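Descriptive analysis of the structure
Each chain, written out:
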Amino acid sequence: MAVKKVASNPSLPKGFKAISGGGGGVEWKKGMIVTGVVLEIKTIDKKNPKKGEDPTTRLMRVQTKDGEKGVWEKAALRGLFDAAKKGKQVYIEHLGMGKAKKGQSAPNLFNAGIK
């Protein structure tokens with residue numbers, strides 16, 4: 001698979017550009033569906049977690065018919081991340097954005113399942 005350059009990532013040292021090998025993260029849009037087999041779920045340390053925030057997050061790599069996709073954990077997907085295991089099939093549909101609470105970003109809404 002060809003490696004392509006993507007936009008600079010501010011968390012990389014100066015002079016480095018992020019490289020994507022086809023497993024890039026999903027940019028969710030209403031109605032978008034990611035379905036496929038879980039390749040792995042990795043726990044990743046956050047660089048600068050906010051006070052009281054979990055210092056880790058998770059990334060699920062999913063093999064879809066269109067190639068590998070990376071799905072970052074979001075609050076609405078936490079149950080799916082807890083239940084999913086390597087080799088299981090997952091279905092994730094983005095339903096759009098919810099209503100934002102004062103001082104917060106609007107939450108992503110999902111329909112998700114596992115088999």
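Small disclaimer: the values here were computed from a predicted structure and weren't measured. (Residues numbered from 1 in each chain as written. Predicted model: local features only at pLDDT ≥ 70, side-chain atom pairs only at ≥ 80, totals over all residues. Heavy atoms only, no water.)

Our focus in this paragraph is the confidence of the model for the protein. Should pLDDT be low for a region, the predicted coordinates there are not to be read in detail. Averaged over every residue, the pLDDT of the protein is 81; the share at 70 or more is 78%. Per-residue pLDDT stays below 50 along residues 1-10; that stretch engages in 14 contacts with residues further than four places along the chain or on separate chains. (pLDDT = per-residue confidence, 0-100. Contact = heavy atoms within 4.5 Å.)

Read from one edge of the open sheet, five strands run β5-β4-β3-β6-β7, paired in antiparallel fashion. Edge positions in the sheet fall to β5 (67-72) and β7 (108-114), since each of these pairs with one other strand and no more. Direction aside, the axes of adjacent strands within the sheet are offset by 40° on average. The pairing of strand β6 (residues 89-97) with β7 spans seven bridges and is classified as antiparallel. Residue pairing for β7: Val-90 is matched across the bridge by Ile-114. (Pairing = 2+ DSSP bridges. Helix = DSSP H or I, 4+ residues; strand = E, 2+ residues; numbered from the N terminus. Axes fitted to C-alpha atoms, helices over the stretch in contact; angles between N-to-C directions.)

Moving on, we get to the side chain of Glu-73. The topology assignment puts Glu-73 in the loop between β5 and α1 (78-83). Side chain to side chain, Glu-73 and Arg-58 meet in a polar contact 2.6 Å long. Once you skip the residues sitting within four places of it in the chain, Glu-73 turns out to touch Thr-57, Arg-58, Arg-78 and Phe-81. (Polar contact = N/O pair within 3.5 Å; in protein donor to acceptor, adjacent residues only side chain to side chain.)

Turning our attention to the nonpolar core. By size, the foremost hydrophobic cluster in this structure holds 14 residues, and its most contacted members are Trp-28, Met-60, Val-71, Leu-77, Val-90 and Ile-92. Secondary-structure elements contributing two or more residues to this core are β3 (33-45), β4 (56-64), α1 and β6. (Core = buried A, V, L, I, M, F, W, Y, C linked by side-chain atoms within 4.5 Å. Buried < 20%, exposed > 50% of the residue type's maximum accessible area, 1.4 Å probe, protein only.)

Applying the stated criterion across every chain, the model contains six salt bridges. The closest approach of N and O atoms between Glu-40 and Arg-61, which form a salt bridge, is 2.4 Å. On the criterion of sequence distance, the pair formed by Glu-40 in strand β3 and Arg-61 in strand β4 is long-range, its members being 21 residues apart. For Glu-40, a relative accessible area of 26% corresponds to the partly exposed category. Between Asp-82 and Arg-58 there is a salt bridge; the shortest N-O distance is 2.8 Å. (Salt bridge = Lys/Arg side-chain N within 4 Å of Asp/Glu carboxyl O.)

Let us now look at the environment of Pro-107. Within the secondary structure, Pro-107 sits in the loop between β6 and β7. By relative accessible area, Pro-107 is classed as partly exposed at 35%. Considering only alpha carbons, one finds Pro-107 and Gly-96, eleven residues apart in sequence, at a separation of 8.6 Å. Discounting chain neighbours no more than four positions away, the residues touching Pro-107 are Gly-96, Met-97, Gly-98, Lys-99 and Ala-100.

Time to look at the pairing of β4. Put simply, side chains in a regular strand alternate between the two faces of the sheet. Sheet topology places β3 next to β4; eight bridges connect them, and they run antiparallel. Residue pairing across strands places Glu-40 opposite Arg-61, the latter belonging to β4. Inspection of the sheet shows β4 paired to β5 by six bridges, in the antiparallel sense. The partner of Val-62 across the bridge, within β5, is Lys-69.

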